[in-house]
Amino acid sequence: MIPKKEHGKELRVAPEGFKTANDFFEDLFLDKNLIWMGQNTNHLHDENFIRDAMIKAVESKDYCKYPPPEGLNELKDLVLEDLGLEDMDLVITAGATTALYYCMSDLLTEEENAISPDPGYLIIDNFASRFAKEVKSVPIYNEECGYKLTPDLVRENIDENTGLIILIDPLNPIGGAYTEEEIKEFAEIAKENDLFLLHDITYRDFAQEHYLAANYAPDNTITVYSFSKIFGMAGVRVGALISTNEVMNSIRQVLIDDLGTNVVAQYGAIAALKSKPEWIDYVKDTTFNNQKIIKEAVDKCDGCFILRYPSDGNMMAIDLSGAGINPKVMSKYLLERNVFTREGEYTSKRFGDRYLRVSYSVPPEDVKVFAREFVDAVEVLRK
Ligand SMILES: Cc1ncc(COP(=O)(O)O)c(C=O)c1O
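Residues numbered from 1 in each chain as written. Predicted model: local features only at pLDDT ≥ 70, side-chain atom pairs only at ≥ 80, totals over all residues.

Focus on the overall build of the protein chain
The number of helices and strands found in the protein chain is 11 helices and 13 strands. Viewed in the frame of its principal axes, the protein chain has a C-alpha envelope of about 55 × 55 × 55 Å. Within the span of the protein chain, comprising 383 residues, buried residues form 47% of the whole. Restricting the contact set of the protein chain to residue pairs at least 6 apart, pairs at least 24 apart contribute 71%. (Helix = DSSP H or I, 4+ residues; strand = E, 2+ residues; numbered from the N terminus. Buried ≥ 20, exposed ≤ 12 C-beta atoms within 10 Å, placed from the backbone. Contact = placed C-beta atoms within 7 Å.)

Here's the deal with the pairing of strand S8 (residues 239-243)
Burial analysis of S8 places five of its five residues in the buried class, the great majority of the element. Neither face of S8 is left uncovered, since the one carrying Gly-239, Leu-241 and Ser-243 and the one carrying Ala-240 and Ile-242 both have all their residues buried. Where strand S2 (residues 89-93) and S8 come together, five bridges link them in antiparallel fashion. Opposite Ile-92, over in S8, you have Ala-240 as the bridge partner. Bridging between strand S7 (residues 221-226) and S8 involves four bridges; their strand directions are antiparallel. Residue Thr-223 lies in a different strand from S8, and its bridge partner there is Ile-242. (Pairing = 2+ DSSP bridges.)

Quick notes on helix H4 (residues 95-107)
Taking 1.5 Å of rise per residue, 13 residues should cover 18 Å, and H4 covers 19 Å from first to last C-alpha, within 8% of that figure. Counting buried positions over the 13 residues of H4 gives 10, a clear majority of the element. Every buried residue belonging to H4 is among Gly-95, Ala-96, Thr-98, Ala-99, Leu-100, Tyr-101, Tyr-102, Cys-103, Met-104 and Leu-107, and all of these are buried. (Expected span 1.5 Å × (residues − 1).)

Describing the environment of Gly-38
Structurally, the position occupied by Gly-38 is in the loop between strand S1 (35-36) and helix H2 (49-59). Along the primary structure Gly-38 and Glu-379 are separated by 341 residues, whereas in three dimensions their C-alpha atoms are 21 Å apart. Discounting chain neighbours no more than four positions away, the residues touching Gly-38 are Phe-340, Thr-341, Arg-342 and Ser-359.

Examining the sheet that holds strand S3 (residues 113-118)
Strands belonging to one sheet form pairs held by backbone hydrogen bonds; the direction of such a pair is parallel or antiparallel. Taken in spatial order, the seven strands line up as S2-S8-S7-S6-S5-S3-S4 in an open sheet, and their pairing is mixed. Pairing within the sheet leaves two strands with one partner each, and these edge strands are S2 and strand S4 (134-139). Neighbour-to-neighbour, the strand axes of this sheet turn through a mean angle of 20 degrees, independent of strand direction. The strands touched by H4 are S2, strand S5 (162-168), strand S6 (196-200), S7 and S8; relative to S7, the strand with the most contacts, the crossing angle is about 160 degrees. (Axes fitted to C-alpha atoms, helices over the stretch in contact; angles between N-to-C directions.)

Concerning the environment of Tyr-178
Mapped onto the elements, Tyr-178 comes out in the loop between S5 and helix H7 (180-193). Overall, the presence of 27 C-beta atoms within 10 Å leaves Tyr-178 in the buried class. For the pair Tyr-178 and His-210, spaced 32 residues apart in sequence, the C-alpha to C-alpha distance is 7.0 Å. Residues contacting Tyr-178, with those up to four places away along its chain left out, are Leu-167, Asp-169, Ile-183 and Tyr-211.

Regarding the nonpolar core
Among the nonpolar cores identified, the biggest contains 111 residues, and Cys-103, Ile-165, Leu-167, Val-224, Leu-241 and Ile-318 are the most heavily contacted of them. When residues of this core are assigned to their parent elements, the largest contribution, 11 residues, is made by helix H9 (residues 263-299). Looking at which domains feed residues into this core, each of domain 1 (21-45 + 277-381) and domain 2 (49-275) gives three or more. Setting aside residues up to four positions removed in sequence, Leu-241 forms contacts with Leu-90, Val-91, Thr-93, Ala-99, Tyr-102, Cys-103, Ile-222, Val-224 and Ile-251. (Core = buried A, V, L, I, M, F, W, Y, C linked by C-beta atoms within 7 Å. Domains from an automatic or database assignment.)

Observations regarding the sheet that holds strand S9 (residues 305-306)
With antiparallel pairing, the four strands of this open sheet are ordered in space as S9-S10-S13-S12. Sheet topology places S9 and strand S12 (342-343) at the edges, where each strand pairs with a single neighbour. Relative to strand S13 (residues 355-359), S12 runs antiparallel, the two sharing two bridges. Residue pairing in the sheet places Glu-343 in a bridge with Leu-356 of S13.

As for the domain arrangement of the protein chain
Under the domain assignment used here, the protein chain contains domain 1 (21-45 + 277-381) and domain 2 (49-275). Averaged C-alpha coordinates put domain 1 and domain 2 at centres separated by 25 Å. Tallying the contact residues gives 26 residues for domain 1 and 28 residues for domain 2. Of all elements in the fold, only H9 and strand S10 (315-319) reach the threshold of two or more residues within the side of domain 1 that touches domain 2.

A closer look at the pairing of S7
For S7, a buried count of six out of six residues is recorded, marking the element as mostly surrounded by other parts of the structure. Burial along S7 is two-sided: Thr-221, Thr-223 and Tyr-225 and Ile-222, Val-224 and Ser-226, pointing in opposite directions, are all buried. Two elements, S6 and S7, share four bridges in a ladder whose sense is parallel. Opposite Leu-197, over in S7, you have Thr-221 as the bridge partner.

Observations regarding helix H5 (residues 122-131)
Within the span of H5, buried status applies to Ile-124, Asp-125, Phe-127, Ala-128, Ser-129 and Phe-131. Looking at the buried side of H5, the elements it contacts are H4, S3, S4, S5 and S6.

Overview of the environment of Met-330
Inspection of the secondary structure assignment puts Met-330 in helix H10 (residues 327-336). For the pair Met-330 and Val-378, spaced 48 residues apart in sequence, the C-alpha separation works out to 8.0 Å. Those residues in contact with Met-330, other than ones at most four positions away along the chain, are Leu-320, Ile-325, Leu-356, Ala-377 and Leu-381.

Comments concerning the packing of H10 against helix H11 (residues 364-381)
Pairs of packed helices are described in terms of their axes, by the angle between the two and the distance that separates them. Packing of H10 against H11 leaves a shortest axis separation of 10 Å and a crossing angle of 125 degrees. When the axis of H10 is compared with that of H11, the two are oblique. The handedness of the crossing between H10 and H11 comes out as right-handed. Contacts between H10 and H11 involve Val-329, Met-330, Tyr-333 and Leu-334 from the former and Glu-373, Ala-377 and Leu-381 from the latter. Of the residues belonging to the contact of H10 with H11, the class tally is six nonpolar, no polar and one charged. (Parallel < 35°, antiparallel > 145°, perpendicular 65-115°, else oblique. Left-handed = near helix turned anticlockwise from the far one by under 90°. Nonpolar A, V, L, I, M, F, W, Y, C, P; charged D, E, K, R; others polar.)

Structure below.
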């Protein structure tokens, strides 16, 4: 017996030698020696504020109780304070992923379309496609638009059925962030056309400068927030969804986690926000400077280039097409040498055969290993 509904989502293919894709990821996850540059996670926290708060929460056995359904008030206030959006409303979620799903499930109707960037974070498109008539994924793989979804591109693609514009800022996988001018223009477009902006600010704190759409079009913006990246808490799954009280009251009707979000993670998140001034410069500057190591290596390789340098995220995309190298072959080669990176297919079906995504919130020594192996790999794999 199989379910009757068709969803159109391709199942993850198991890599060679593994029964399922999950087995492959578990194998990587359990390998303590792997250099972790294949997920945009953060491995630079060498202080223990977050860890200690979570240990204390475990020791108190608070995890025996269900926490308040929308999150601990202290955490909610700290998130709003972090963004300077004290007048807004929010719910704490099990990561930005859950927040994104809530957005799509409440905001999009069956007649509407959503506009998103390609390359981009495909999970968002997938969620949108479950609720909207269409996801218009706009090609942005070119220098002319700066490898990001610009206000001009949005204007070209908008129609009377557009309900949502998806802004990933900075953009996974390329790393472009929006200027204040661009954010203001998006705000105008949203207000003029009476549509929503989904502002996914998962990588905000890595950007040299960052502007919140919520400050320019508060009634039209939903902001998606994550503790996975700058705070280095990907494994405990905590994030938030922020908008006006009116929008949030609508979203409240589609919440799934009625019994709350992991309370140990929430105590960790409180400590993360309170301790932020102690570590932010170190984490941000080390991440940013790691890019130079990669740039020097890529510059040695004819036919390869970094799409946006410097990137405003903790990841970048390296185009390998001029060297005739398939990114899948490159990531497999590097994995055999203990370096985990991601082929472009994970963030774009259309352009994924051109680039490798590399994340670099890891110790500089690890980035140096990547740099060395990458230069060797290009020589070996070049066609
Ligand atoms: C743009 C973007 N949004 C959301 C997420 C998911 O974040 P979380 O771990 O908080 O669910 C990611 C993860 O890579 C991402 O790249």
